[in-house]
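The residues making up each chain are set out below.
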Amino acid sequence: MQTLKQLYPDWFTSEGNLNIDEIKKAVNPELVNETERYEFRWFGKSQAKRNAFTPSNATLVFDEDRSVNPSNSENLIIEGENLEVLKLLSGSYREKIKCIYIDPPYNTGKDFVYSDNFTQEKRAYWENSEYIENGIKIDTNTENDGRYHSNWLNMMYSRLIIARQLLKDDGVVFISIDDNEVHNLRKLCDDVFGVENFVGQMIWTGGRKNDSKFISTSHEYIIAYSKNLEVQKSKIGQWRIKKKGLEEIYSKYESLLKKYKSDVKQIEIELKEWFKGLPNSNPSKAHKHYSSVDENGIYFPDNISWPGGGGPTYEVLHPKTKKPVIVPSRGWLYSSPEKMNEMILMNKVHFGEDENSVPCLKSYLKDREYQVPFSVFYQDGRASTKRLRKIMGEDVFEHPKDEKVLSELIEFCTTKGDIVLDFFGGSGTTGHAVLELNNSNDNNLNFILVQIPEAIDEKSIAFKAGYKKISDITIERNKRVVQNIIKEKETQQPDLFTGDKKEDALQGLGFKVFKLQKSNFPRVDFAPDPEKTEEENIELLKTYIANKELQLVNAFNKPELITEILLKNGFNLNYKLVLQTQFASNEIHFASDGEKETLICLDVVINPETVDYFKNNTDKKFICLERALDTTKKYNLKHYLKENFNAF
């Protein structure tokens, strides 16, 4: 039951009991007769849940031309409608994503909401190449729509259901939002992730605005939920951010140390004067209490009394006067005189000039560099726009999120090798943040960005600059970030980019681009002709099947087909293929993504020699086309390999 609750928390009541009606809704909403009870409901909720579990009719295709250093990186940028992409990723990346950040439409009445309603009259955009090349036009969700909030909730609900499946047990999701839907988003996330997994709600203010008749709203929110908060609590060292302004303090200290050597008193005097001269806006000013210095570095004379009072009151002698110092009113922090003497011998106790003051505990800055993030923070809303303008050359995207803020969010909840997902990619800020983070540390994080090819207004600066779709900006921004990092590294360490060293130097500096398109496996849309006989319709069906099978082999290239087949078999998109030369009569590759591996062949005929190979290698996994086998070969392969064999 606990496993079921972890997988599908929305199937349980707020009291933790399994709700059979919710299971029925996932199968068929008509099976349920609604009764009145407390729950978060809106029009279309059941259908939105079903949309999340409806199989996708699309696939992902590698776009080598728009990829950057694809062989050196496992980062992914996927151009496509995000619900379909999430469905395709749900097999390969289930419980592998550590951090999700999304900046969805805020539902202001001017932005779009995906309808997720593709009918014969309204085909999915990936079936039309014109949309893929020039961008899809997306309707706005206007306030006079009778289902204004429901439309937005339906869009978010189906996507968050799948997103939760992708998260690791200690994974976390951050969602940017403003006042338009923050109240509904909280209730929606309680429904999807469980109210017990709510982490917090941060307020991000970017400066004053004067755009309202009543209250000038100068803030927005970032809501955080964990996949499993109890697991998250067990992770030591996470959810901490480095205090700002420390590098400047260390730099000043190092210059004073070089000037005055071991004269710590003079270093301390000048360090205090330096703090006084800083403007209040300087982040280093917030740490002015760290202005005492000894041979071990910069410290702050901290409280050495027992928390809450009632601590021990033994005698402590001043090191110079040899007289007992004043005992703090709450008693000593350390329970025994022996422990206190140990701290004094380690030079971790700060004494006053004589015994007439209470000693303090030396809290060194180097030991207090990190802190729990605050729920309210300021970040200049114009700064990110200026930095993006510098990268792109002009203002090609309005109101981009701040990559420095995202860097902090990502850094305090991830560890080495984690994957970060953003399925409302926008201008590509999340990818930029990950690339910059990797450049400043060795965590080697990987990102997956998903952005629909939304058409750009032909009157906009971005369109005139040559961008037809928002996804073009997503890709180009991260391409330029990679180029800037490489250029900076080449300037600092040119030797790293010569000869055999270059591949290592480029590691992680790039991304693969994939596009969402119609599945290579034809859907069955045959319908018998009522004017023909049964025998004639059977012949027509046989011809239809033969044409579809021929189309499967001849109309699509092998790399695309391999990607779709491996994705359907749970391989991630960073798989590697190696041709197996021991097979003389068939072209067979060994596919591996670091976790899964298989032999795969897309030849139209599997030769007997290949079948015989698996008679003595029953531990191997093998995938091939079903039409490449006759009944005997298929039976033998199934007999030899059992569950290790799969025919498409």
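Keep in mind it's a predicted model, so treat the numbers as computed, not measured.

Undergrad: What's the story with the sheet that holds strand β15 (residues 446-451) in this structure? I'm lost.
TA: Through backbone hydrogen bonds, the strands of a sheet pair up, either in parallel or in antiparallel fashion. Strand order in the open sheet formed by ten strands is β1-β16-β2-β15-β14-β3-β4-β6-β5-β13, with mixed pairing between adjacent strands. The open sheet has two edge strands, β1 (58-62) and β13 (376-378), and neither has a second partner. Between one strand and the next, the sheet's axes are offset by a mean angle of 20°, whatever the strand orientation. Pairing analysis gives six bridges linking strand β4 (residues 167-177) to strand β6 (residues 219-226), with the strands arranged antiparallel. Following the sheet pairing, I177 is matched in β6 by Y221. Its contacts with the sheet put helix α6 (residues 148-166) on β3 (97-102), β4 and β14 (419-422), and the angle it makes with β4 is roughly 155°.

Undergrad: Honestly, the side chain of D422 in this entry has me stumped. Any pointers?
TA: Considering the arrangement of structural elements, one finds D422 in strand β14. Although D422 is buried, it forms no salt bridge, and the closest oppositely charged side chain is R477 at an N-O distance of 9.0 Å. Polar side-chain contacts of D422 include one of 3.0 Å to the backbone nitrogen of F424. Once you skip the residues sitting within four places of it in the chain, D422 turns out to touch Y101, I102, T430, I448, L449 and V450.

Undergrad: Help me understand helix α12 (residues 383-392) in this model?
TA: Since the α-helix turns once every 3.6 residues, residues separated by three or four places project in the same direction. Among the residues of α12, those classed as buried are A383, S384, L388, I391 and M392. Buried residues of α12, viewed axially, fall in a sector of 155°; they line one side. Those residues of α12 that are buried lie in contact with α13 (403-413), α14 (429-440) and α16 (470-492). Once α12 finishes, G393 follows within two positions and takes phi at roughly 95°, a positive value.

Undergrad: How should the sheet that holds strand β8 (residues 292-294) be read in this particular structure?
TA: Across the sheet, which stays open at both edges, the four strands sit in the order β8-β9-β11-β10 with antiparallel pairing between neighbours. Unpaired on one side and paired on the other, β8 and β10 (349-350) mark the two borders of the sheet. As paired strands, β10 and strand β11 (residues 360-364) are joined by two bridges and run antiparallel to one another. Within the sheet, the bridge partner assigned to H350 lies in β11 and is C360. The strands touched by helix α10 (residues 264-277) within the sheet are β8 and β9 (297-302), with β8 carrying the most contacts at an inclination of about 160°.

Undergrad: I keep staring at the pattern of salt bridges and nothing clicks. Help me out?
TA: Pairs can form between side chains of opposite charge once their charged atoms are near each other. Taken as a whole and judged by the stated rule, the model has 29 salt bridges. Ionic pairing is found between E476 and R480, a salt bridge with its closest N-O pair at 2.8 Å. In this pair, E476 and R480 both sit in helix α16, four residues apart, roughly one turn of the helix. The class of R480 is partly exposed, set by a relative accessible area of 24%. Among the ionic pairs, K634 bridges to E626, the shortest N-O distance being 2.3 Å. Look at K634 and you get partly exposed, because its relative accessible area is 34%. The structure contains a network of salt bridges with shared partners spanning D63, R66, E79, K469 and D472.

Undergrad: Could you clarify how one ought to interpret α13 in this entry?
TA: Among the eleven residues that make up α13, eight are buried, leaving the element largely enclosed by the rest of the structure. Regarding α13, the residues found buried are E403, V405, L406, S407, L409, I410, F412 and C413. Its side-chain oxygen at 2.8 Å from the backbone nitrogen of K404, D402 defines the N-terminal cap of α13.

Undergrad: Would you take a moment to explain the nonpolar core for this structure?
TA: As a rule of thumb, nonpolar side chains are buried together in soluble globular proteins. Within the largest apolar cluster, 57 residues are counted, with the highest numbers of intra-cluster contacts made by L60, L160, L185 and I448. Once you skip the residues sitting within four places of it in the chain, L60 turns out to touch I78, V85, L88, L89, F514, K515, L516, T563, L567 and L573. Counting residues in each nonpolar core, the second largest holds 47 residues, with V396, L409, I456 and I470 among its members.

Undergrad: What exactly am I supposed to notice about unusual backbone geometry here?
TA: Across the chain, the bulk of peptide bonds are trans and the bulk of non-glycine residues have phi less than zero. Not every positive phi belongs to a glycine, and K322 is a case in point at roughly 60°. Mapped onto the elements, K322 comes out in the loop between β9 and α11 (337-345). Looking at K322, the relative accessible area reads 56%, which means it is exposed. If you check the backbone angles, N347 has positive phi at about 60° while not being a glycine. The topology assignment puts N347 in the loop between α11 and β10. Owing to a relative accessible area of 23%, N347 belongs among the partly exposed residues under this scheme.

Quick notes on the rules
- Residues numbered from 1 in each chain as written.
- Predicted model: local features only at pLDDT ≥ 70, side-chain atom pairs only at ≥ 80, totals over all residues.
- Heavy atoms only, no water.
- Pairing = 2+ DSSP bridges.
- Helix = DSSP H or I, 4+ residues; strand = E, 2+ residues; numbered from the N terminus.
- Axes fitted to C-alpha atoms, helices over the stretch in contact; angles between N-to-C directions.
- Contact = heavy atoms within 4.5 Å.
- Buried < 20%, exposed > 50% of the residue type's maximum accessible area, 1.4 Å probe, protein only.
- Lys, Arg positive; Asp, Glu negative; His and termini not counted.
- Salt bridge = Lys/Arg side-chain N within 4 Å of Asp/Glu carboxyl O.
- Polar contact = N/O pair within 3.5 Å; in protein donor to acceptor, adjacent residues only side chain to side chain.
- Arc of directions from axis to C-beta.
- Core = buried A, V, L, I, M, F, W, Y, C linked by side-chain atoms within 4.5 Å.

Functional significance is not addressed by these values, which are geometric in nature.
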